[in-house]
Amino acid sequence: MKPLDKIIETARNAPRQIVLAEGGDARVVAAALRARAEGIAQITLIGRHDIIAERLRDHGGDEHAFRIEDPATSPLTERFAERYHELRQGKGVDREAAEKAVREDLVFAAMMVREDEADGTIGGAVATTADTVRTALQVIGRTPDAGLVSSFFLMMLCQPHHAKKGAFVFSDCGLVVDPDASGLADIARMSARSYQALLGDRAKVAMLSFSTNGSAAHDRVSKVVEATNIARASDPDLLIDGELQFDSAFVEAVSSSKAPNSALHGQANVFVFPNLDAANIGYKIAQRIGGATAIGPVLQGLAKPANDLSRGCTADDVFHMIAVTVVQAASR
Ligand SMILES: CC(C)(COP(=O)(O)OP(=O)(O)OC[C@H]1O[C@@H](n2cnc3c(N)ncnc32)[C@H](O)[C@@H]1OP(=O)(O)O)[C@@H](O)C(=O)NCCC(=O)NCCS
Ligand SMILES: CC(=O)OP(=O)(O)O
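Residues numbered from 1 in each chain as written. Chains lettered and ligands numbered in written order. Predicted model: local features only at pLDDT ≥ 70, side-chain atom pairs only at ≥ 80, totals over all residues. Heavy atoms only, no water.

- Looking at an unreviewed UniProt entry, the protein carries the name Phosphate acetyltransferase, with the source organism given as Ensifer oleiphilus.
- You can read under Pathway (unreviewed entry) in the UniProt record for the protein the words "Metabolic intermediate biosynthesis; acetyl-CoA biosynthesis; acetyl-CoA from acetate: step 2/2."
- Taken verbatim from the UniProt record of the protein, the Sequence similarities (unreviewed entry) comment is "Belongs to the phosphate acetyltransferase and butyryltransferase family." (UniProt positions renumbered as here; feature names shortened; annotations may be inferred.)

### As for the site of ligand 1
Right, on to step 1. Around ligand 1 there are 18 residues in total, and Arg88, Lys91, Val149, Gly174 and Leu175 lie nearest to it.
Right, on to step 2. In this structure, an oxygen atom belonging to ligand 1 sits 3.3 Å away from a side-chain N or O atom of Arg134.
Right, on to step 3. Between a nitrogen atom of ligand 1 and a main-chain N or O atom of Val149, the distance comes to 2.8 Å.
Right, on to step 4. Coverage of ligand 1 by the protein amounts to 61% of the 940 Å² it exposes when considered alone.
Right, on to step 5. Among the secondary structure elements, those contributing two or more residues to the shell around ligand 1 are helix H7 (129–139) and helix H12 (276–288).
Right, on to step 6. With six residues, H7 is the single largest residue contributor to the shell around ligand 1.
Right, on to step 7. Residue composition of the shell around ligand 1, by class: ten nonpolar, four polar and four charged. (Near = heavy atom within 4 Å. Polar contact = N/O pair within 3.5 Å; in protein donor to acceptor, adjacent residues only side chain to side chain. Areas by Shrake-Rupley, 256 points an atom, 1.4 Å probe, with all protein chains shown as cover. Helix = DSSP H or I, 4+ residues; strand = E, 2+ residues; numbered from the N terminus. Nonpolar A, V, L, I, M, F, W, Y, C, P; charged D, E, K, R; others polar.)

### A short note on the pattern of salt bridges
Right, on to step 1. Using the criterion set out here, one finds 21 salt bridges in the structure.
Right, on to step 2. Among the ionic pairs, Glu9 bridges to Arg12, the shortest N-O distance being 2.9 Å. Linking Glu9 with Arg12, this pair stays in helix H1 (residues 3–13), spanning three residues, or about one helical turn.
Right, on to step 3. Under the relative-accessibility criterion, Glu9 is labelled partly exposed at 30%.
Right, on to step 4. Taking relative accessible area as the criterion, Arg12 reaches 32% and is therefore assigned partly exposed. (Salt bridge = Lys/Arg side-chain N within 4 Å of Asp/Glu carboxyl O. Buried < 20%, exposed > 50% of the residue type's maximum accessible area, 1.4 Å probe, protein only.)

### Brief notes about the packing of aromatic side chains
Right, on to step 1. Scanning the model with the defined rule gives ten aromatic pairs in all.
Right, on to step 2. With 6.1 Å between their ring centres and 45° between their planes, Phe168 and Phe271 make a pair best called tilted. Residue Phe168 is found in strand E6 (residues 166–171), and its partner Phe271 is found in strand E9 (residues 270–272); the two are separated by 103 residues along the sequence.
Right, on to step 3. Counting every residue linked through ring pairs, the aromatic cluster contains Phe168, Phe170, Phe246, Phe250, Phe271 and Phe273.
Right, on to step 4. Over the aromatic face of Phe319 sits the side chain of Arg34, whose NZ or CZ is 3.7 Å from the ring centroid. (Phe/Tyr/Trp six-rings, centres within 6.5 Å; stacked < 30°, edge-to-face > 60°. Lys NZ or Arg CZ within 6 Å of the ring centre and 35° of its normal.)

### As for the sheet that holds strand E5 (residues 150–157)
Paired through their backbone hydrogen bonds, the strands of a sheet run either parallel or antiparallel.
Right, on to step 1. Here six strands make up an open sheet; going across it, the order is E8-E7-E9-E6-E5-E10 and the pairing mixed. Looking at the sheet topology across the chains shown, the edges are occupied by strand E8 (239–244) and strand E10 (293–300). Taking the axes of each pair of neighbouring strands and ignoring which way they run, one obtains an average angle of 20° across the sheet.
Right, on to step 2. Bridging between strand E7 (residues 204–208) and E9 involves three bridges; their strand directions are parallel. By the bridge assignment for E9, Met207 is matched with Val272.
Right, on to step 3. Strands in contact with H1 are E5, E6 and E10; relative to E5, the strand with the most contacts, it is inclined by about 120°.
Right, on to step 4. Against the sheet, helix H13 (residues 315–330) touches E5 and E10, its axis set at about 40° to E10. (Pairing = 2+ DSSP bridges. Axes fitted to C-alpha atoms, helices over the stretch in contact; angles between N-to-C directions. Contact = heavy atoms within 4.5 Å.)

### What to know about the environment of Val113
Right, on to step 1. Along the chain, Val113 falls in helix H6 (residues 105–114).
Right, on to step 2. By relative accessible area, Val113 is classed as buried at 0%.
Right, on to step 3. Spatially, the C-alpha atoms of Val113 and Ala306 are 8.3 Å apart, while their sequence positions differ by 193 residues.
Right, on to step 4. Dropping the residues within four chain positions of it, Val113 is found in contact with Val19, Ala118, Asp119, Gly120, Thr121, Ile140, Lys304 and Pro305.

### Remarks on the sheet that holds strand E3 (residues 67–69)
Right, on to step 1. Here we have five strands laid out as an open sheet, ordered E3-E2-E1-E4-E11, and parallel in their pairing. Across the chains shown, the open sheet's two edge strands, defined by having one partner strand only, are E3 and strand E11 (306–307).
Right, on to step 2. Strand direction decides the pairing type here: strand E2 (residues 41–46) and E3, joined by three bridges, are parallel. Within E3, the position partnered with Ile46 by the bridge is Glu69.
Right, on to step 3. Of the strands in this sheet, strand E1 (16–20), E2, E3 and strand E4 (120–122) touch H6, which is tilted by about 145° from E2.

### Observations regarding the pairing of E7
Right, on to step 1. Most of E7 sits out of view: four of its five residues are buried.
Right, on to step 2. One ladder, built from five bridges, connects E7 with E8; its direction is parallel. Paired with Met207 across the bridge in E8 is Gly242.
Right, on to step 3. Each parallel crossover has a hand, and for E7 linked through helix H9 (residues 219–234) to E8 it is right-handed. (Right-handed = clockwise from strand over helix to strand, strands pointing away.)

Dropping the structure here:
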């Protein structure tokens, strides 16, 4: 079974309550209808009831098949305002500001997860990643064993022209702009864990650089080497190597010539980029030129599942993210 089908099948076997923060978006509504039809999740749509109902009708759907919550009129808003005020008052948020905040769709959706009204939330088809992720950080927060919250894309190579097929993790393509060595090590550790949780296989982590095995000397190369050493020391069982160029990590013949002693043998399945510039540009090139299916940004290190999308996403991308979020929620 293809890795993506396996994730969808896992979700179907343990469906969860997923809240979609941008319920008025046509792609989100189409994905919600497919998620319901395929039995992978019970969906709550956030937004104006009349707009969501119209979008559902446009797609041949029925508004009564979904829970719809409009933060402007929902009976939950009062309780959420109180809780949000308790949560954020230390950061200078007064009661009036809390009431205003929870009327925003992204915040309301995240509060549903925090307050156990849903198991996971997804936004970002319309909102920017910065707004979506900041909301998750502020409302849901970090799990104690993660140093940093970070993100990854699941990259599926399944087209006939892909010489190597399968599922790969690229990180961090969405969140941490310029990690230091310790931050990069944390991203590597969390990405390996995410790969194993979602795909069931052992993670083989490549720490990417413009240098392989000392072929270039630069502070940026040293950062990747240091991050590799920190990650290895914090988890001796982690299969990790770096610094490696992408070809040394992905192509067995190149690995043999440029990195003959690499434990990865050109078979890495988790690729940790040195910063957000490289990672975000890299995943979009693999997606738009290379024809990879890209699912993300999936957030890791949060106390409960909250995920983002690219504003360029399709309805299929939203559907796939619903499946990933269900699997994350079910594996807690
Ligand atoms: C995500 C992002 C918005 C966070 O920015 P920020 O300026 O730190 O935001 P805030 O200060 O409002 O952070 C919210 C909280 O999360 C914390 N935080 C920020 N980044 C964090 C991280 N990686 N891990 C854990 N906590 C983090 C902050 O300390 C803050 O805590 P507090 O509210 O208790 O003080 C920022 O890192 C960003 O813009 N990243 C790039 C997003 C992007 O444009 N991606 C490209 C397209 S995908
Ligand atoms: C992940 C990402 O790049 O998001 P967007 O395309 O919305 O900026």
